[in-house]
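A structural walkthrough
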Amino acid sequence: MIDFEEINPEFARRYRLIDDSYEFSEFMSKPLRPSIRVNTLKGSLEDIVSLLSEKYKIEPVPWCREGFFIDIDEDSSIGTSIEHQLGLIFSQEASSMIPPVVLDVKPGMLVLDMAAAPGAKTTQIAQYMQNEGCIIANDVKVGRLNILISNLQRCGVLIARVTMMDGRSFRKYENTFDAVLLDAPCSNAGMIRKNYKYLKIWRLKDVESLSRLQKQLIMAAYAALKPGGVLVYSTCTLDPAENEDVVDHLLANTDARLEEIDLPVKRHKPFTSFDGKEFSSEVKKCLRIHPQDNDTEGFFVAKIVKEA
Ligand SMILES: C[S@@+](CC[C@H](N)C(=O)[O-])C[C@H]1O[C@@H](n2cnc3c(N)ncnc32)[C@H](O)[C@@H]1O
């Protein structure tokens, strides 16, 4: 089993406060189950699933109709498969399929994906919109935008306009978007199962500066949302400073409201206080997923609405 204390004592100290269970350490030490999302912009779900079933053993992801765990040996990569190259499937971690499901977009909407690269969620949103409407797919990093653009092209997404802006500057587009996804930059603790490098590079001071950035991004995302619209905030980390604290900041400074996330996903109770800070009891409506809950990455999702 992975020895957090030996690899990164600062991480071990912090995460003892977040989840000190044996199961947490056990699942953090296991490699992730590979999973894919079927891209219905390139064919029907039934046809692509039947094609995949001829080659692979697949098992549905309970919370995403197009998601499947896929039984491949560790050495073979989905990324080089013909199905992936043709855009029929997207290699995507199962918990990361949740935010677009919760965003609940419709064809014809104007949607902002504020931190979009490399585009797993943009392509998922586009398939739910059936390539009708418009998605502003934004990111601040040019190298990651190039990967986003190639993913959009591979998946047949026709409705995305790619922008390269600091997400915080979207605050000037007040009340503009029908739906906004902020899949925020984070300390990536949820991704340790994918690669132990995320454990080695984790620093508490980064969590603190990311928390400040996330609070500014969520305020801009909410400003850009139309009344009556939905904002989804998500991270692949479990630190309350990057999750409940950020949502609490939005609730304390705006008229934002939270909604329950009703999906068949096992979950942990959100923190209503941490590190001497109290949060609004509303944050109980957020979805906090620890790796042992569903054998996935650690993940956090909040569904926020702006009154019409
Ligand atoms: C968790 S990743 C997004 C993953 C993406 N949503 C997906 O599903 O493929 C967070 C992204 O935030 C971007 N980012 C970091 N700071 C940002 C900022 N100030 N404004 C907009 N994007 C930013 C990073 O470049 C990174 O691509």
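Per an unreviewed UniProt entry, the recorded name for the chain is RNA methylase, NOL1/NOP2/sun family, and the organism is Archaeoglobus veneficus. Under the Sequence similarities (unreviewed entry) heading, UniProt states for the chain: "Belongs to the class I-like SAM-binding methyltransferase superfamily. RsmB/NOP family."

Counting residues in each nonpolar core, the largest one holds 88 residues, and the members touching the most others are Met-114, Val-180, Leu-182, Ala-221, Leu-231, Tyr-233 and Val-301. Top element by residues in this core is helix H10 (residues 204-224). It accounts for eight residues. With sequence-adjacent residues up to four places away left out, Met-114 is seen in contact with Asn-138, Gly-167, Phe-170, Val-180, Leu-181, Leu-182, Leu-217 and Ala-221.

Backbone hydrogen bonds are what pair the strands of a sheet, in a parallel or an antiparallel way. Ordered in space as E2-E3-E1-E4, the four strands form an open sheet in which the pairing is antiparallel. Two strands in the sheet have a free side with no partner beyond their single neighbour: strand E2 (57-60) and strand E4 (89-91). The mean angle between the axes of side-by-side strands here comes to 35°, regardless of whether they run parallel or antiparallel. Here E2 pairs with strand E3 (residues 67-71) via four bridges, running antiparallel. When the sheet's bridge partners are listed, Lys-57 is paired in E3 with Asp-71.

For the rest of this paragraph, the subject is the environment of Ser-150. Relative to the helices and strands, Ser-150 resides in helix H8 (residues 142-154). For Ser-150 and Gly-119, which are 31 residues apart along the polypeptide, the C-alpha to C-alpha distance reads 9.2 Å.

A word on helix H3 (residues 22-29). All of the buried residues along H3 are Phe-24, Phe-27 and Met-28. Each buried residue of H3 sits inside an arc of 105° when the element is viewed along its axis, so together they form one side. Those residues of H3 hidden inside the fold are in contact with helix H12 (291-294).

Of all residues adjacent to the ligand, which total 17 residues, the nearest are Ala-115, Ala-120, Gly-167, Asp-183 and Pro-185. Across the shell around the ligand, the residue classes tally to eight nonpolar, two polar and seven charged.

As annotated by UniProt and renumbered to match this structure, "active site" (unreviewed entry) occupies Cys-236. With respect to the helices and strands, Cys-236 occurs in the loop between strand E9 (225-235) and helix H11 (244-253). C-beta crowding within 10 Å serves as the criterion here: with 25 such atoms nearby, Cys-236 is assigned to the buried category. If near-sequence neighbours (up to four positions away) are discounted, Cys-236 is found in contact with Ser-96, Cys-186, Asn-188, Gly-190, Met-191, Glu-297, Gly-298 and Phe-299.

On to unusual backbone geometry, then. Cis geometry marks the peptide bond from Ala-117 to Pro-118; its omega dihedral reads 5°. Position of Pro-118 among the secondary structure elements: in the loop between strand E5 (110-113) and helix H7 (120-128). A positive phi angle is found at Asn-131, which is not glycine, with a value near 60°. With respect to the secondary-structure elements, Asn-131 resides in the loop between H7 and strand E6 (134-138).

Scoring rules and cut-offs
- Residues numbered from 1 in each chain as written.
- Predicted model: local features only at pLDDT ≥ 70, side-chain atom pairs only at ≥ 80, totals over all residues.
- UniProt positions renumbered as here; feature names shortened; annotations may be inferred.
- Core = buried A, V, L, I, M, F, W, Y, C linked by C-beta atoms within 7 Å.
- Buried ≥ 20, exposed ≤ 12 C-beta atoms within 10 Å, placed from the backbone.
- Helix = DSSP H or I, 4+ residues; strand = E, 2+ residues; numbered from the N terminus.
- Contact = placed C-beta atoms within 7 Å.
- Pairing = 2+ DSSP bridges.
- Axes fitted to C-alpha atoms, helices over the stretch in contact; angles between N-to-C directions.
- Arc of directions from axis to C-beta.
- Near = placed C-beta within 6 Å.
- Nonpolar A, V, L, I, M, F, W, Y, C, P; charged D, E, K, R; others polar.

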